[in-house]
Amino acid sequence: MTTSLEQSTPALAQDDPEVAVLEVARRAREASRALATATRATKDAALRALADALVAATDRVLAANAEDVARGRAGGMSEGLLDRLALTPERVVAIADALRELAALPDPVGEVVRGSTLPNGLRLRQVRVPMGVVGMIYEARPNVTVDAAGLALKSGNAVVLRGGSAAASSNATIVDVLAEALGAQGLPRDLVQSVDAWGRPGGVALMHARGLVDVLVPRGGADLIATVVREATVPVIETGVGNCHLYVDASADLADALPILLNAKTQRVGVCNAVETLLVHRDVADAFLPSALAALGQAGVTVHADAATLAHAPQGVATVPATEADWGTEYLSLDLAVRVVDDLDAAIDHVRRWSTGHTEAILTRDLGASERFVAEVDAAAVIVNASTRFTDGGQFGLGAEIGISTQKLHARGPMGLAELTTTKWVVHGDGHVRP
């Protein structure tokens, strides 16, 4: 039986990976020129066509995805990662709808960031322009294949994808569907390409394609991100691990705190904005922890608890004593580290020590406490009285996101269309020469 992955393996797959991937990148750079002068109407029509093509190919995509899920389950993949990997008809529709939402957003290309006329009469404008070729290296997330393609297209870029072996069949089929739809719209199929056929050596070659790939975005686990940051010669926008904290302050509305906690931990566990550590002010531990731990237990959560938390655990709740390692763990599963802290200072100290700089949240009715938390906690997103699950490009109104940056240069937080552009200075003179 021929799998969907084998059907879509390019003819170059038997060539040297470095040579083959550099050729893919060269074709992507050439294809990106077609978008340099493309109007918003052209790009938006293409995005809607991609969405329609995905929905029309639902059966084909789901069949390929079933191959990936079966391999993952047979290989012992965790339930959280299987959830990231799995597609359903509803998820395909949601992914397609995200493309349509992108089409409705303003085009960042050509936006004037600032401008002025100098005393000598030179007219200056700093305008947004595409990066050119964007590379993506990611794991077990076939929706990212579509998000990256859509964001790249709208922002005027070509994209080269390395999606990993876990989602190989899904990604190969999705890339084929998108490329076919682009061709039908009169745009180069090479605007969306994958290097999955060359495996890990292909990913390494993509990291080294400096001069052909303008920026590389890794999205996945800590090991993948660290490898890309360490090995790449292409400029990297680092997306980070999500060891996210939720702090329940002494003045928190405890009626709101429980549903926020459950949403942040259990709504979808295998995502980077799920909460991994709960901190509770000592003054409300008696009132909050028994009901919170019981609710977490009913949701199937295993609590990694410090001694003060264990003392509040009701009968039947799955608990294990927390170790030092728990405070630094991104579980991506139904596990939660819980600690009782003496005060706001202790909560901030804990977060500052263990945070990965992704999303941190405080529940409080004390304006001073919220302002201190916002000012002193160093993260891409700091949330007051809401779930950490809102740190997301779609939830922020950015459309789909290509990742959530935890670094501080160029982009930070959910990266949407504007973050996939750079700027160009346009200078108009009238025979000016520099004195």
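Residues numbered from 1 in each chain as written. Predicted model: local features only at pLDDT ≥ 70, side-chain atom pairs only at ≥ 80, totals over all residues. Heavy atoms only, no water.

Asks: In this structure, what is going on with the packing of helix H6 (residues 89-104) against helix H7 (residues 142-154)? I would like to understand it.
Replies: The relative placement of two packed helices is expressed as an angle between their axes plus a distance between the axes. Interaxial distance between H6 and H7 falls to 10 Å at its minimum, and their mutual angle equals 15 degrees. Relative to H7, the element H6 lies roughly parallel. The two elements H6 and H7 cross, and the hand of that crossing is right-handed. Only Asn143, Val146, Asp147, Gly150, Leu151 and Lys154 of H7 make contact with H6, whose side of the interface consists of Ile95, Ala98, Leu99, Leu102 and Ala103. (Axes fitted to C-alpha atoms, helices over the stretch in contact; angles between N-to-C directions. Helix = DSSP H or I, 4+ residues; strand = E, 2+ residues; numbered from the N terminus. Parallel < 35°, antiparallel > 145°, perpendicular 65-115°, else oblique. Left-handed = near helix turned anticlockwise from the far one by under 90°. Contact = heavy atoms within 4.5 Å.)

Asks: What is the right way to read the sheet that holds strand S2 (residues 123-130) from this model?
Replies: The strands that make up a sheet pair up through hydrogen bonds in the backbone, lying either parallel or antiparallel. Pairing is antiparallel across the open sheet formed by 3 strands, whose spatial order is S1-S2-S16. The sheet is open, and its two edges are formed by strand S1 (112-117) and strand S16 (421-428), each paired on a single side. Looking at each pair of strands side by side, their axes are set apart by 20 degrees on average, direction ignored. Alignment of S2 against S16, held across 8 bridges, turns out to be antiparallel. Along S16, the bridge assignment pairs Arg125 with Val426. (Pairing = 2+ DSSP bridges.)

Asks: Could you clarify how one ought to interpret the sheet that holds strand S6 (residues 215-219) in this entry?
Replies: One open sheet accounts for 4 strands, arranged S5-S4-S3-S6; its pairing is parallel. Single-partner strands in this sheet number two, and they are strand S5 (192-194) and S6. For this sheet, the mean angle separating the axes of adjacent strands, direction not counted, is 20 degrees. Where strand S4 (residues 158-162) lies against S5, 3 bridges are found, and the strand directions are parallel. Residue Leu161 lies in a different strand from S5, and its bridge partner there is Ser194. On top of the sheet, helix H2 (residues 17-36) reaches strand S3 (133-138), S4 and S5; it is set at about 155 degrees to S4, its chief contact. The sheet strands contacting helix H8 (residues 168-184) are S3, S4 and S5, and the helix crosses S5 at an angle near 155 degrees.

Asks: Would you take a moment to explain the environment of Val93 for this structure?
Replies: Here Val93 lies in helix H6. With relative accessibility at 38%, the residue Val93 sits in the partly exposed group. For the pair Val93 and Ala51, spaced 42 residues apart in sequence, the C-alpha separation works out to 8.4 Å. (Buried < 20%, exposed > 50% of the residue type's maximum accessible area, 1.4 Å probe, protein only.)

Asks: I'm lost on the side chain of Asp68 in this one. Help?
Replies: Tracing the chain through its elements places Asp68 in helix H4 (residues 58-74). On the accessibility criterion, Asp68 (0% relative accessible area) is buried. Residues within four places of Asp68 in sequence aside, it is in contact with Leu85, Ser165, Ala166, Ala167, Ala168, Ser169 and Ser170.

Asks: Please clarify how unusual backbone geometry should be interpreted in this entry.
Replies: Peptide bonds are trans in most cases, and residues, glycine excluded, mostly fall at negative phi. Positive phi values are uncommon outside glycine, yet Asn385 reaches one of about 60 degrees. Among the secondary structure elements, Asn385 is positioned in the loop between strand S13 (381-384) and strand S14 (404-405). With a relative accessible area of 41%, Asn385 lands in the partly exposed category. One non-glycine residue, His410, lies in positive phi territory at about 70 degrees.

Asks: Help me understand the side chain of Ser405 in this model?
Replies: Relative to the elements of secondary structure, Ser405 occurs in strand S14. Its relative accessible area of 0% is what places Ser405 among the buried residues. Engagement of the side chain of Ser405 in a polar contact is seen with the backbone nitrogen of Gln407, the distance being 3.3 Å. For Ser405, the side chain forms a polar contact with the main-chain oxygen of Ala411, separated by 2.7 Å. Ignoring anything within four residues of it in the chain, the contact list for Ser405 reads Ile237, Glu238, Thr239, Ala380, Ala411, Arg412, Gly413 and Met415. (Polar contact = N/O pair within 3.5 Å; in protein donor to acceptor, adjacent residues only side chain to side chain.)

Asks: Explain the pattern of salt bridges here, please?
Replies: One side chain can pair with another of opposite charge once the charged atoms of both are near each other. Under the defined criterion, the tally for this structure stands at 24 salt bridges. Linking Glu180 and Arg60 is a salt bridge whose minimum nitrogen-to-oxygen distance equals 3.4 Å. One end of the pair, Glu180, is in helix H8; the other, Arg60, is in helix H4, and 120 residues separate them in sequence. The partner of Arg372 in a salt bridge is Asp345, and the shortest N-O contact between them spans 2.6 Å. (Salt bridge = Lys/Arg side-chain N within 4 Å of Asp/Glu carboxyl O.)

Asks: How should the nonpolar core be read in this particular structure?
Replies: When a protein is soluble and globular, its nonpolar side chains tend to lie buried together. Met136 and Leu153 are the most contacted members of the largest nonpolar core, which totals 72 residues. Every residue in contact with Leu153, bar those within four places of it in the chain, is listed here: Leu35, Lys43, Ala46, Leu47, Leu50, Leu182, Leu187 and Leu191. Grouped together as the second largest cluster of nonpolar side chains are 27 residues, Leu293, Ala305, Val317 and Ile383 included. (Core = buried A, V, L, I, M, F, W, Y, C linked by side-chain atoms within 4.5 Å.)

Functional significance is not addressed by these values, which are geometric in nature.
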